[in-house]
There are 2 protein chains.
Amino acid sequence: MLDRLRAIVGEKGLVADPVEMAPWVTDFRGRRRGSALAVVAPASTAEVAAMVTLCAATGQPIFPLGGNTGLCCGAVPESDRPGKPGIVLSLRRMNRIRAIDQAAGIATVDAGVVLGDLHAAAAAVRRQFPLHLGSEGSAQLGGLISTNAGGTGVVRYGPMRDLVAGLEVVLPDGRVLSDLAALRKDNTGYMLRHLFIGAEGTLGVITAAALRLHAQTPNTAHAWVSVADPEAAIALLTALQDRAGSTIQAFELVSASQFELVRRHIERIRIPFSPIPAWSVLIELGSEDASTALNTILEETLGAFLARDHLKDAVIATSEQQAAEFWHVRHSVTEANVKEGIGIVHDIAIRTSDVAAFIVAADKIAAERFPQAVTQVVCHLGDGNVHYILMFQRSFWESLKDPEAFALEVERAIHDAAATYAGTFSAEHGVGRKLIAELQRLADPLRYELMGQIKTLFDPHGLMNPGVLLPAGRAWHAASSSTAARAMAAAPGSR
Amino acid sequence: MLDRLRAIVGEKGLVADPVEMAPWVTDFRGRRRGSALAVVAPASTAEVAAMVTLCAATGQPIFPLGGNTGLCCGAVPESDRPGKPGIVLSLRRMNRIRAIDQAAGIATVDAGVVLGDLHAAAAAVRRQFPLHLGSEGSAQLGGLISTNAGGTGVVRYGPMRDLVAGLEVVLPDGRVLSDLAALRKDNTGYMLRHLFIGAEGTLGVITAAALRLHAQTPNTAHAWVSVADPEAAIALLTALQDRAGSTIQAFELVSASQFELVRRHIERIRIPFSPIPAWSVLIELGSEDASTALNTILEETLGAFLARDHLKDAVIATSEQQAAEFWHVRHSVTEANVKEGIGIVHDIAIRTSDVAAFIVAADKIAAERFPQAVTQVVCHLGDGNVHYILMFQRSFWESLKDPEAFALEVERAIHDAAATYAGTFSAEHGVGRKLIAELQRLADPLRYELMGQIKTLFDPHGLMNPGVLLPAGRAWHAASSSTAARAMAAAPGSR
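**Q** Whenever I open this one, the overall build of chain A confuses me. Can you help?
**A** Regarding its fold elements, chain A presents 19 helices and 19 strands. In terms of C-alpha radius of gyration, chain A reaches 24 Å, essentially the compact-globule figure of 23 Å for 495 residues. With the principal axes as the frame, chain A shows a C-alpha extent of 70 × 60 × 60 Å. Classification of the 495 residues of chain A by burial places 59% in the buried group.

**Q** How should the pattern of salt bridges be read in this particular structure?
**A** Pairing between side chains of opposite charge can happen when their charged atoms approach one another. In total, this model carries 58 salt bridges over all chains according to the counting rule given. One salt bridge connects Arg175 of chain B with Glu449 of chain A, and the closest N-O pair in it is separated by 2.9 Å. Remark: Glu449 of chain A occurs in helix α18 (residues 445-458) and Arg175 of chain B occurs in the loop between β8 (164-170) and β9 (176-178); the pair is interchain, linking two chains. Glu449 of chain A gets classed as buried once you look at its relative accessible area, which sits at 16%. Its salt-bridge partner being Arg263 of chain B, residue Glu260 of chain B comes within 3.0 Å of it at the nearest N-O pair.

**Q** Quick question: what am I supposed to make of the relation of the copies chain B and chain A here?
**A** Mapping between the two chain copies consists of a rotation about an axis together with a translation along that axis. Screw-axis analysis of chain B against chain A gives a translation of 0.0 Å along the axis, an RMSD of 0.0 Å, and a rotation angle of 180°. What the rotation and shift describe, once combined, is the action of a two-fold rotation axis. Rotation axis and chain B: the residue whose C-alpha lies nearest the axis is Thr292 of chain B, separated from it by 2.4 Å. Most of the interface of chain B is mirrored in chain A: 99% of its interface residues are interface residues there too.

**Q** In this structure, what is going on with empty space enclosed by the protein? I would like to understand it.
**A** Counted under the stated rule, the structure contains seven cavities of 30 Å³ or more. Approximately 130 Å³ is the volume found for the largest cavity. As for the largest cavity, its lining consists of 19 residues, and the residues nearest its centre are Thr247 and Ser287 of chain A together with Thr247, Ser287 and Thr292 of chain B. Those elements that provide at least two residues to the lining of the largest cavity are β14 (279-287) and α11 (294-307) of chain A together with β14 (279-287) of chain B. Classifying every residue of the lining of the largest cavity by side-chain character gives three nonpolar, 10 polar and six charged.

**Q** Which parts of the structure should I look at to understand the packing of helix α9 (residues 230-244) of chain B against helix α11 (residues 294-307) of chain B?
**A** When two helices pack together, their arrangement is given by the angle between the helix axes and by the axis-to-axis distance. Residues and elements named next belong to chain B. At a closest axis distance of 10 Å, the pairing of α9 and α11 adopts a crossing angle of 140°. Taken together, the axes of α9 and α11 are oblique relative to one another. Pair α9 / α11 crosses with right-handed handedness. Packed against α9, whose contacting residues are Ala232, Ala235, Leu236, Ala239, Leu240, Arg243 and Ala244, the element α11 presents Ile297, Glu300, Thr301, Leu302 and Phe305 at the interface. Here the contact of α9 with α11 is composed, by residue class, of nine nonpolar, one polar and two charged.

**Q** Before we go on, may I ask you to explain the interface of chain B and chain A in this structure?
**A** One frequent convention defines the size of an interface as the accessible area lost when the parts assemble. Counting from both sides, the interface comprises 109 residues of chain B and, opposite them, 108 residues of chain A. Counting each side, the surface lost to burial between chain B and chain A is near 8900 Å², with a carbon and sulfur contribution of 53%. When residues of chain B are sorted by the area they lose upon contact with chain A, Lys185, Asn187 and Tyr190 of chain B head the list and together hold 12% of the total. If you look at where chain B meets chain A, you find 16 salt bridges. For the salt bridge of Arg184 of chain B with Asp162 of chain A, the shortest nitrogen-to-oxygen distance reads 3.2 Å.

**Q** Which parts of the structure should I look at to understand the state of the cysteines?
**A** When the sulfur atoms of two cysteines share a covalent bond, that bond is a disulfide. Residues and elements named next belong to chain A. Taken as a whole and assessed by the stated rule, the structure comprises zero disulfides over all chains. Cys73 provides the cysteine sulfur closest to Cys72, a residue in no disulfide bond, and the two sulfurs are 7.4 Å apart. The exposure class assigned to Cys72 is buried, which follows from its relative accessible area of 5%.

**Q** How should I be thinking about unusual backbone geometry in this particular structure?
**A** Note on backbone geometry: most residues besides glycine have negative phi, and most peptide bonds are trans. Each neighbour pair has its own omega, and for Ser274 of chain A with Pro275 of chain A the value is 0°, a cis peptide bond. In this structure, Pro275 of chain A sits in the loop between α10 (256-265) and β14. Of note, the phi angle at Asn148 of chain B is positive, near 45°, even though the residue is not glycine. Its location among the elements puts Asn148 of chain B in the loop between α5 (141-146) and α6 (154-157). Given the relative accessible area of 5%, Asn148 of chain B is considered buried. The backbone phi angle of Asn465 of chain B is positive, close to 45°, even though this residue is not glycine.

**Q** Sorry if this is basic, but what is going on with the sheet that holds strand β4 (residues 87-90) of chain B here?
**A** Residue and element names in this part refer to chain B. If you trace the four strands from one edge of the open sheet to the other, you get β1-β2-β4-β3, paired in mixed fashion. Both outer strands of the open sheet, β1 (14-15) and β3 (62-65), are each paired with one neighbouring strand and no more. The pairing of β3 with β4 spans four bridges and is classified as parallel. Bridge pairing links Pro64 to Leu89 in β4.

**Q** Could you clarify how one ought to interpret the sheet that holds strand β8 (residues 164-170) of chain A in this entry?
**A** Strand pairs in the sheet, formed through backbone hydrogen bonds, run parallel or antiparallel to each other. Residues and elements named next belong to chain A. Taken together, the five strands give an open sheet; going across it, the order is β5-β6-β10-β8-β9, and neighbouring strands pair in antiparallel fashion. One side of each edge strand has no neighbouring strand; the edge strands of this open sheet are β5 (97-101) and β9 (176-178). Averaged over neighbouring strand pairs, the angle between their axes works out to 10° when direction is ignored. Across five bridges, strand β6 (residues 106-110) lies against strand β10 (residues 205-212) in antiparallel orientation. Within β10, the residue paired with Asp110 across the bridge is Ala208.

**Q** Can you help me understand helix α14 (residues 355-369) of chain A in this one?
**A** Each full turn of the α-helix corresponds to 3.6 residues, which orients residues three or four apart in the same direction. All names here are of chain A. Taking 1.5 Å as the rise per residue, α14 with 15 residues should run 21 Å; its terminal C-alpha atoms sit 21 Å apart, in good agreement. Along α14, the positions that sit buried rather than exposed are Val355, Ala356, Phe358, Ile359, Ala362 and Ala366. Considered in projection along α14, the buried side chains sweep an arc of 155° and stay on one side of the axis. Of the residues in α14, the exposed ones pointing more than 90 degrees away from the buried face are Val360, Lys364, Ala367 and Glu368.

**Q** Please explain helix α12 (residues 320-331) of chain B as it appears in this structure.
**A** Residue and element names in this part refer to chain B. Look at α12: 16 Å from first C-alpha to last across 12 residues, which is about the 16 Å you get at 1.5 Å a residue. Of all the residues in α12, the buried ones are Gln322, Ala323, Phe326, Trp327, Val329 and Arg330. When α12 is viewed along its axis, its buried side chains cluster within an angular range of 150° and face the same direction. Away from its buried face by more than 90 degrees, α12 exposes Glu320, Gln321 and His331.

**Q** Before we go on, may I ask you to explain the packing of aromatic side chains in this structure?
**A** Aromatic ring pairs are described here by two measures, namely the spacing of the ring centres and the angle between the planes. Under the definition given, this model contains 22 aromatic pairs over all chains. Plain terms: the ring middles of Phe392 of chain B and Trp397 of chain B are 5.5 Å apart, the flat faces sit at 45° to each other, and that makes the pair tilted. For the pair Phe392 of chain B and Trp397 of chain B, one class covers both residues: buried. Among the aromatic residues, ring-to-ring pairing joins Phe370, Phe392, Phe396, Trp397 and Phe406 of chain A into one connected group.

**Q** Could you clarify how one ought to interpret the environment of Leu65 of chain B in this entry?
**A** Residue and element names in this part refer to chain B. Looking at the element boundaries, Leu65 is found in strand β3. The class of Leu65 is buried, set by a relative accessible area of 4%. Residues Leu65 and Pro471, spaced 406 residues apart in sequence, show a C-alpha to C-alpha distance of 19 Å.

**Q** Honestly, the pairing of strand β4 (residues 87-90) of chain A in this entry has me stumped. Any pointers?
**A** When a strand is regular, its side chains alternate between the sheet's two faces. All names here are of chain A. Neither face of β4 is left uncovered, since the one carrying Ile87 and Leu89 and the one carrying Val88 and Ser90 both have all their residues buried. In this sheet, β4 lies alongside strand β2 (residues 38-40) in parallel orientation, the contact comprising three bridges. Looking across to β4, one finds that Val39 is bridged to Val88.

**Q** I would appreciate a short explanation of the side chain of Asn337 of chain A in the present structure.
**A** Residue and element names in this part refer to chain A. With respect to the element layout, Asn337 can be found in helix α13 (residues 333-340). Relative accessible area serves as the criterion here: at 10%, Asn337 is assigned to the buried category. Ignoring any residue separated from it by four or fewer positions in sequence, one finds Asn337 in contact with Gln258, Leu261, Gln376, Ile389 and Met391.

**Q** I tried to follow the environment of Leu144 of chain B on my own but got confused; where do I start?
**A** Residue and element names in this part refer to chain B. The topology assignment puts Leu144 in helix α5. As a C-alpha pair, Leu144 and Gly67 span 77 residues in sequence and 9.0 Å in three-dimensional space. Setting aside anything within four residues of it in sequence, one finds Leu144 in contact with Leu115, Leu131, Leu133, Ala139, Ala149 and Met160.

**Q** How should I be thinking about the confidence of the model for chain A in this particular structure?
**A** Close reading of the predicted structure is inappropriate where its pLDDT is low. Residues and elements named next belong to chain A. With 96% of its residues at a pLDDT of at least 70, chain A reaches an overall mean of 93. In this model, residues 484-495 is a region of pLDDT below 50 whose contacts with residues beyond four sequence positions or in other chains number 22 contacts. Here the predicted complex carries an ipTM of 0.94, next to a pTM of 0.95.

Cut-offs used in this document
- Residues numbered from 1 in each chain as written.
- Chains lettered and ligands numbered in written order.
- Predicted model: local features only at pLDDT ≥ 70, side-chain atom pairs only at ≥ 80, totals over all residues.
- Heavy atoms only, no water.
- Helix = DSSP H or I, 4+ residues; strand = E, 2+ residues; numbered from the N terminus.
- Rg over C-alpha atoms; globule rule 2.2 N^0.38 Å.
- Buried < 20%, exposed > 50% of the residue type's maximum accessible area, 1.4 Å probe, protein only.
- Salt bridge = Lys/Arg side-chain N within 4 Å of Asp/Glu carboxyl O.
- Least-squares fit on C-alpha atoms with pLDDT ≥ 70 in both.
- Contact = heavy atoms within 4.5 Å.
- 1 Å grid on protein atoms, 1.4 Å probe; cavity = no way out; pocket = protein on both sides within 12 Å on 5 of 7 lines; lining within 4 Å.
- Points joined across faces, edges and corners; volume = space filled by probe spheres on them.
- Nonpolar A, V, L, I, M, F, W, Y, C, P; charged D, E, K, R; others polar.
- Axes fitted to C-alpha atoms, helices over the stretch in contact; angles between N-to-C directions.
- Parallel < 35°, antiparallel > 145°, perpendicular 65-115°, else oblique.
- Left-handed = near helix turned anticlockwise from the far one by under 90°.
- Buried area = accessible area lost by both parts, 1.4 Å probe.
- Disulfide = S-S within 2.5 Å.
- Pairing = 2+ DSSP bridges.
- Expected span 1.5 Å × (residues − 1).
- Arc of directions from axis to C-beta.
- Phe/Tyr/Trp six-rings, centres within 6.5 Å; stacked < 30°, edge-to-face > 60°.
- pLDDT = per-residue confidence, 0-100.

Okay, here's the thing in structure tokens:
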């Protein structure tokens, strides 16, 4: 097998030494370690197709790997079949920006291109690729598409799904499906592209993408607002949408408990309020056009709110430095939380209109069932995405007999609260290996059954990233086959 | 069968008299007339589900009908099975706007709601639903979603696909799949929604949708620009994207030959240039914010172009009335063409960057092969959507032995030209019954095969709108089954 792989990708494209392989088979936070026969790094789509064809013929599972920055262990190789440890497929050598089409606003890239490199290439033609997240220096576009990555820009530009104009995918049988023409309009039948976006590598290997570029917005304005409660934040968002909806680039709601930890653990931060507001809203507006008076828009909208007493106080940044200081506080949240203790972070999404009620419900659950926790809220309010956090002290955590079971109990309780508002337990992080059981427990059964049927259709032998998103061992297959058989028998009147 | 249908939908929901049924089984332009056992109009999703279940059990085809405004005969009932004429399913009684959620920016509507009624409901909460087309007074949202409708607003807001946040669908087996929670972020597996958008009713019946509302843009600016050629129009678009990309609400490129016909046939129109420019660009910018100086943005961007001689002349509207006059000329195109003669209209999309080259190629084909035609261009340039028209005099047309065959020859030639630029023959109009053969001829074979497999998965008996999009008689089924069998046999090494 190794010789046949070497014949496809060459010596440079193959790592089979267990020590050298270690970083490729281990989750980047060290939570989970897998194993594989080899790490293979093809240099072209043709090499990927040849490798996938070989694996299909020999029954070797394939574990696609991007930048290994995922939060749900979806890139850890764990084969479900004895004697077939599987291949880690790294796209790192496919890192070419194939073309930038300024008039059409399309960048065509290999899947292994690092997000930060695309940012730079877009800027070189006075455009931006508006997906931003902490790991942009190492996250690869193939992985970001396979997990439908989010980030702070979703409120204006949508998640990765909205930025993909075309894909090139190697299917589990080795054939290459491509729609890199990336037409803005194309009404010639079923849209297959969206099945692969967010599929976490379980339906095929994304080898390239056509991605939408947007105009740059060099003119920005920033505010830090103190509001009485999440309801007031929602009312402010609605008013700002009326006045300048399409300029809203960030609208973040953060609880005092969260910013207290930033003040406690991070040096050289400046918070423009003392004491820290019960609820802070951080706002960024942006425009391509330098003449649009964004600060005036903020002043007038916030002023009307202050007058009506919905809003307690507000600071509009008067310099780029002050704006940077605001966002430095926001971006220090993760580091502060790691220093504080053990935080169970949830990735809830609900309708924006339900966010206030959800937070009340989650607080009640936390107070009653997990009184040892301090709760924190970090919310992309414009998307209804609430990172609801229960923070435990290390001493408490170390006293637990089974911390993993306890963490699961916490997660289930908060996920259940989201479900009562028709919300989701995975807004932007995905499912991976971590949340498979939660998906089975909480997904609409009909939708879950159809997912199994789609998986069977594209990957009947379950070789693509087995054990990620759907259970390994083709458990999804049994359910979907019986349903298909039932459907086949359901229409006696048809010929 | 009629009694069983009446038991589901009541007397009010059933039309079975052939004379009364005539308008429901005939294309709105009278090009094609079908027949059916009955026209059934359920009043609820439950009634739709009961009716679909009954049809599945009895092998009756179902022909979903919206406002009957489609351009490709996708709503004409033509059964492919002897003795089973099928049921026309009209959603007209399901016309309730279920809810408007202002903070989340979501309207939840029955599929039978007319587009114009949604416009009014959105305006009542200071929002807009930004899909606009000529038939908005009768087109229904279910049909507009099933055909992924376009229109002039796509350059800013995208096609219908980008405006759908959730769907309720009755599957061909009668079960109801719903994701009306309409979360902005949800990464819990395969995105099924996009399969139904643009499927033209062949995978199930859309009974309701959650649709995205946008902020209103009361501040607008309008220009009519004379450019030397399509290349100059593309350069102007790129410059305007740099300066104010997100405010561009329309960017239409129209040939002199087209506006000559408007001047010839339409009364009381005002064209601000004499003679009519070889190439006109009509631009609309829009902003929520009243302070943004859109006219200044136009003046400065156009001024820089005039100075560099890319652009011949420009008029910026100085009043709402003048702006309305500009757009009245543009919107009179269809009426003028009907008065002039027989126009073969193509619905091409290519990359914006390829539009100029495509027009040159199409002009060459027209001049060489169809010298009797005058050619006209009406292009949504921002989307790369070119309505390329060959206009024939009635006298010539009446001299043809087989006008239908001649029209097909014209269409194939222009579609082939688009294909050389990786373009599509159906940008926004769909496939329907009209373009089935072109889809078979021009689609990527792998994609077409996968479409057949998806059709087989959802509708194994071919009862949903047979003969639309894919050929009737389950011709798609044979191809996809053999492929599935091949795939099943392809991986001997797997268990």
